[in-house]
There are 2 protein chains.
Amino acid sequence: MNIVLLSGGSGKRLWPLSNDSRSKQFIKIFKTEDGSYESMVQRVYRQIRAVDDGTEVTIATSKSQVSAIHNQLGEDVGISVEPCRRDTFPAIALAAAYLHDVRRVSDEEAIVVCPVDPYVEEDYFEALRRLGERAGISEANLVLMGIEPTYPSAKYGYIIPENKEGVSRVSVFKEKPTEDKAREYIEKGALWNGGVFAFRLGYVLQRAHELIDFTGYQDLFDKYESLTKISFDYAVVEHEEHIEVMRFGGVWKDMGTWNTLTEAMESDSIGKAILNERCENVHVVNELNVPVLCMGLKDMVVSASPEGILVSDKKQSSYIKPYVDEIDQQIMFAEKSWGNFRVIDIEEGSMTIKVTLNPGHRMNYHSHEHRDEVWTVVDGNGKTIVDGVERQVTAGDVIQMPAGVAHTIFADTKLQVIEVQIGTDISVHDKKKLKL
Amino acid sequence: MNIVLLSGGSGKRLWPLSNDSRSKQFIKIFKTEDGSYESMVQRVYRQIRAVDDGTEVTIATSKSQVSAIHNQLGEDVGISVEPCRRDTFPAIALAAAYLHDVRRVSDEEAIVVCPVDPYVEEDYFEALRRLGERAGISEANLVLMGIEPTYPSAKYGYIIPENKEGVSRVSVFKEKPTEDKAREYIEKGALWNGGVFAFRLGYVLQRAHELIDFTGYQDLFDKYESLTKISFDYAVVEHEEHIEVMRFGGVWKDMGTWNTLTEAMESDSIGKAILNERCENVHVVNELNVPVLCMGLKDMVVSASPEGILVSDKKQSSYIKPYVDEIDQQIMFAEKSWGNFRVIDIEEGSMTIKVTLNPGHRMNYHSHEHRDEVWTVVDGNGKTIVDGVERQVTAGDVIQMPAGVAHTIFADTKLQVIEVQIGTDISVHDKKKLKL
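### Section: the pattern of salt bridges
Residue and element names in this part refer to chain A.
Inference 1: Tallied over the full model, the rule gives 36 salt bridges over all chains.
Inference 2: One salt bridge connects Asp325 with Lys321, and the closest N-O pair in it is separated by 3.3 Å. One end of the pair, Asp325, and the other, Lys321, are both in helix α10 (residues 321-326), four residues apart, so they sit about a helical turn from each other.
Inference 3: Assessed through its relative accessible area of 37%, Asp325 is described here as partly exposed.

As structure tokens, then:
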């Protein structure tokens, strides 16, 4: 089977853990059996493999997430890279063209598309397999997953099936209703639309060619920026007469807000946290290496990361986005294909960052026009090249790179470096990539 | 007049702003007219000067606070340094001996002793002056300030005067009562004991000589460690028949807990903070350079510093001490006589700190046995001496100091340096002071 995982948005709703450069699906928040933590994308990927090791997984995502995906899932995972954000229809069209032209998947094969961020158990992936099988043999062009509602939510779209069978034709779709309306729909057997659909590859390719003028994958990729932003629902689902829905009654939690995310946490805190006995229904996620002390709190979430600190009533946390939009904060932490960096000090004429390179990885060879840099290796072994000159480096070594001088660093083991940048116009854009 | 300010304890009750190395009286939390912030000790010192520029101020404090006091009040302030902590009677005896032997104050002169940490207005210092004047002419050996209670607190000691005149003989002292008892006392005209007393210098010196075997200031200083811990109340006040109390009806707030501290804050936040419109009676003190976002909070205090993060119901915050006692946290920020340092990264084999030297100041000349150090100057101008060799330094300069090599740095302007320490046994104790 082929699964396309949609790894979307920037996820400001989970600030300060997520931000423009770090999407919520990469936050390591779920405890695994060995006691370590995994992210949404790692959890989903592991679950898919556990259910059917032969499933082909393609992650449809933007350029900015590629590093983080390789970092968390390894180099083998298939990625359909969106050159920019253009909503779900262009993203699915591009992934379909990628599967067809690059992965040589046939028009008749079933593809299951689902978002990367619901919190689910393995039965969900078994349901996805059945969904794919159904799409392969059904007369319907689209088979959707309908999640059995657990309460009359006003947050979700509803699918009203013609009957209450396991698989039914869809009667009508209802966009986010009021709670009262939702109650009414649920009595009629309505299901939540979790954004999961299956189809034969050829069907979506055909719809894509009808709506977009392109020859094949590469052409679509090249003109991606010129495409109109439109969702798969608006572009395809709404115009399709012949749709089926398959019921799913297992665990399904939308991890879109702190409120729902904390429900999926196994313990009341991650990271250094102290909750006094007067705390009730409090969750703490602390990425800093100093403690968070909570006293007398009720129904609250507290999260601290290098980006900032959130202290919120759990219900109120759903309204976070506009406040985060207003925050104009230097990116303080980012995962890269080679490792990660964290900003540890900012002054007007300098910035100090801690760079961690994973074993076997390296930076690009590059130079900066407006800043000098100084590396002090604090852990590990590797090699630097500065102005063409190679040097083995280890903890305690200092490397100076004046503005204009080309440099890079290779990690033999995990390598940690304190990088001090000095200059008047420090900017991520001041970087010239060079050939080594 | 002579005022002795008692600058006491470590103030864990205001964690994370205060800790073992940073007492609450040095936290810059009060907004001044020019928009900058001042600490308790700065506020009190400024208020004393405003009321009477000729007042001699002596700060009785422990060795560990001397740097911070000079840093905040300048070099001119008189300090009676306690070699270690021995409660208020030894501290006042030492300060009295200091005033007599070092500052040559006569036995007949009035001394006013008061804690450094109540939040008061200038009328309080006018009252202190009257208290001193009264002590100079009164037949009583001690004149105490009695604060008119604003509510029946169970937190304070009460002074019950013989009558309700401005100055009265004390009838009896009552230790922290229940609220009901407190109500009863207040009806009888009881006053809070704010720990403020005035006396003629000779009186306290005489009591000191009765209780401690010492010849003069230097002798008392030398044997300070051997003294018994005992409060001035137990050692002196309880045994004195002839005590007066002077009523004070002005503003007086005890700054001992977050609850009372936040009452004295002029705005609801200090530092980067966003409070949504659903927040009620919330105060934020944020020393980090990333934002704190608060949503839907009520009656709460949030404070973030390099040491940690507190999120507490205001009333619960009074019970903070045992939780802070449990925290075994590396000191992350400290004020020194020459400036301050902040730990910005800790790894097993390294620590990175940001050192800020004030203009004209310098470190001691010193070396480390078990660690190499690397300085990268990020701002300002100064001079380093490494292994006897002088060098002018400015932003961008890198100085390497292998273990065992003597080094120091002088600041011509404000000087900021990123110091990377590399070694397996990094400790504040690994420091050998050397002669330059």
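From this point, things continue past the structure.
### Concerning the sheet that holds strand β16 (residues 280-286) of chain A
Inference 1: Strand order in the open sheet made by the six strands is β14(A)-β16(A)-β18(A)-β19(A)-β17(B)-β15(B), with mixed pairing throughout. Two strands bound the open sheet, and with one partner strand each, they are β14 (269-270) of chain A together with β15 (273-275) of chain B.
Inference 2: The sheet contact formed by β15 of chain B and strand β17 (residues 292-295) of chain B spans three bridges and is parallel. Bridge pairing in β17 of chain B places Ala273 of chain B opposite Val292 of chain B.

### Some details on the nonpolar core
Most often, soluble globular proteins have nonpolar side chains that are buried together.
Inference 1: Judged by nonpolar contacts, the single largest core of 68 residues is most densely connected at Leu297 and Val311 of chain A together with Leu297 and Val311 of chain B.
Inference 2: With sequence-adjacent residues up to four places away left out, Leu297 of chain A is seen in contact with Arg278, Cys279, Glu280, Val282 and Val302 of chain A together with Met300, Val311, Ser312 and Asp313 of chain B.

### Points about the pairing of strand β10 (residues 167-174) of chain B
All names here are of chain B.
Inference 1: Relative to β10, strand β9 (residues 158-161) is paired through four bridges, and the arrangement is antiparallel. Of the residues in β10, the one forming a bridge with Pro161 is Val170.
Inference 2: The antiparallel hairpin formed by β9 and β10 contains five residues in its connecting segment.
Inference 3: Sheet analysis places β10 next to strand β12 (residues 243-248), joined by three bridges and oriented antiparallel. Note that in β12 the partner of Val167 across the bridge is Met246.

### Focus on the packing of aromatic side chains
All names here are of chain B.
Inference 1: Applying the stated rule across the entire model yields 24 aromatic pairs over all chains.
Inference 2: Seen in terms of ring centroids, Tyr98 and Tyr217 are 5.7 Å apart; in terms of plane orientation they differ by 65°. Their pairing is edge-to-face. With a gap of 119 residues between them, Tyr98 in helix α3 (residues 88-102) and Tyr217 in helix α7 (residues 217-222) connect regions that are remote in the sequence. The same class applies to Tyr98 and to Tyr217, which are both buried.
Inference 3: Taken together, a centroid distance of 4.6 Å and an interplanar angle of 55° make the contact between Tyr156 and Trp192 tilted. Residue Tyr156 is located in the loop between β8 (142-147) and β9, and its partner Trp192 is located in strand β11 (residues 191-200); the two are separated by 36 residues in the primary sequence.

Rules of the game
- Residues numbered from 1 in each chain as written.
- Chains lettered and ligands numbered in written order.
- Predicted model: local features only at pLDDT ≥ 70, side-chain atom pairs only at ≥ 80, totals over all residues.
- Heavy atoms only, no water.
- Salt bridge = Lys/Arg side-chain N within 4 Å of Asp/Glu carboxyl O.
- Helix = DSSP H or I, 4+ residues; strand = E, 2+ residues; numbered from the N terminus.
- Buried < 20%, exposed > 50% of the residue type's maximum accessible area, 1.4 Å probe, protein only.
- Pairing = 2+ DSSP bridges.
- Core = buried A, V, L, I, M, F, W, Y, C linked by side-chain atoms within 4.5 Å.
- Contact = heavy atoms within 4.5 Å.
- Phe/Tyr/Trp six-rings, centres within 6.5 Å; stacked < 30°, edge-to-face > 60°.

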